[in-house]
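Each chain, written out:
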Amino acid sequence: MRRLVAVAVAAVTTAGVLTGCGGEENWAKKCTTTNMVVECAPEQRPLVSGVTGELLGGGTYDLGNDRGKVVVVNFWGSWCAPCRAEADDLEKTYQATKAKDVTFLGVNTRDERDPAKAFERSYQVTYDSLFDSEGRAGLKFDVTQNAIPSTLILDRQGRIAVGIRRATTIAELQPLVEKIAAEATG
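Residues numbered from 1 in each chain as written. Predicted model: local features only at pLDDT ≥ 70, side-chain atom pairs only at ≥ 80, totals over all residues. Heavy atoms only, no water.

1. Regarding the overall build of the protein
Within the protein, the secondary structure is distributed over five helices and nine strands. The buried share of the protein, taken over its 186 residues, is 48%. In the protein, of all internal contacts separated by at least 6 residues, the share reaching a separation of at least 24 is 70%. Accessible surface, the protein as shown: approximately 9,100 Å² in total, 53% of it carbon and sulfur. (Helix = DSSP H or I, 4+ residues; strand = E, 2+ residues; numbered from the N terminus. Buried < 20%, exposed > 50% of the residue type's maximum accessible area, 1.4 Å probe, protein only. Contact = heavy atoms within 4.5 Å. Areas by Shrake-Rupley, 256 points an atom, 1.4 Å probe, with all protein chains shown as cover.)

2. Quick notes on the nonpolar core
Formed by 48 residues in total, the largest nonpolar core has its most connected members in Phe141, Ile153 and Leu154. Counting residues per element, this core draws most heavily on strand E5 (residues 70-76), which supplies six residues. Setting aside chain neighbours within four positions, we find isoleucine 153 in contact with Val70, Val71, Val72, Arg159, Ile160, Ala161, Val162, Leu173, Leu176, Val177 and Ile180. (Core = buried A, V, L, I, M, F, W, Y, C linked by side-chain atoms within 4.5 Å.)

3. Considering the pattern of salt bridges
What the rule picks out here adds up to eleven salt bridges. The partner of arginine 45 in a salt bridge is aspartate 155, and the shortest N-O contact between them spans 2.9 Å. Taken as a pair, arginine 45 in the loop between strand E2 (37-39) and strand E3 (52-54) and aspartate 155 in the loop between strand E8 (150-154) and strand E9 (160-164) lie far apart in primary sequence, 110 residues in all. Judged by relative accessible area, aspartate 155 falls into the buried class, the value being 1%. It is possible to trace a salt-bridge network through shared partners that takes in Arg45, Asp155, Arg159 and Glu183. (Salt bridge = Lys/Arg side-chain N within 4 Å of Asp/Glu carboxyl O.)

4. Quick look at the side chain of glutamine 174
Position of glutamine 174 relative to the elements: it lies in helix H5 (residues 170-182). Exposure remark for glutamine 174: the relative accessible area of 18% places this residue in the buried category. Not counting the four nearest positions on each side in its chain, glutamine 174 is found in contact with Thr93, Ala96 and Thr97.

5. Overview of the packing of aromatic side chains
On inspection of all chains with the given rule, the structure shows six aromatic pairs. With a centroid separation of 4.5 Å and an interplanar angle of 25 degrees, the aromatic rings of tryptophan 76 and phenylalanine 119 are classed as stacked. Taken together, the residues tryptophan 76 in strand E5 and phenylalanine 119 in helix H3 (residues 113-122) connect sequence positions 43 residues apart. Side by side, tryptophan 76 and phenylalanine 119 carry an identical accessibility label, which is buried. Each ring, one from phenylalanine 119 and one from tyrosine 123, has its centre 4.8 Å from the other, and the planes form 40 degrees; the classification is tilted. (Phe/Tyr/Trp six-rings, centres within 6.5 Å; stacked < 30°, edge-to-face > 60°.)

6. Here we look at the state of the cysteines
Here, the word disulfide means a covalent bond between the sulfur atoms of two cysteines. Using the criterion set out here, one finds two disulfides in the structure. Paired by a disulfide, cysteine 31 and cysteine 40 hold their sulfur atoms 2.1 Å apart. Classification of the bridge connecting cysteine 31 and cysteine 40 rests on its S-S torsion, roughly 100 degrees, and on that basis the disulfide is right-handed. Classification of cysteine 31 by relative accessible area gives buried; the value is 11%. Taken N- to C-terminal, the disulfide-bonded cysteines of the protein are connected 1-2, 3-4. (Disulfide = S-S within 2.5 Å.)

Here it is as structure tokens:
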């Protein structure tokens, strides 16, 4: 019962932050949105920091260790049909771009560990995922929506360059990742 209450509180808190409540201006309003894809110019990009957590497969993760890389962050759950639909496209994009100093991170949310691990095995996901059943790590990303799935592309400075507020495909995601990966570091 205590866990159920904790998950419910985290979900309500996450929903408030993800929808832009809380007094701060929503960063995505400063950017360009087309078909639920938010693209931010470098001067508009919010910095993401302090993201750490337990990996679904064991061990820990610290986003700070990936500074200097483009990081694609996908929020997913094993219970989510659109997440299943996009899993292969995400993996293919990861394989196609990792040589360009791009890494992927899943954020498994509102889920149980065993179904999440089964999802990764079934869809042959090879990149790591944070196990974030209570939504704590997700809050650190300052995501602008509460839809699952959603995907963020962080630039090499750790700033949100792109947010996709729905399921994505390789045809959409790979060009966006390559565009951010090709940017000069500064």
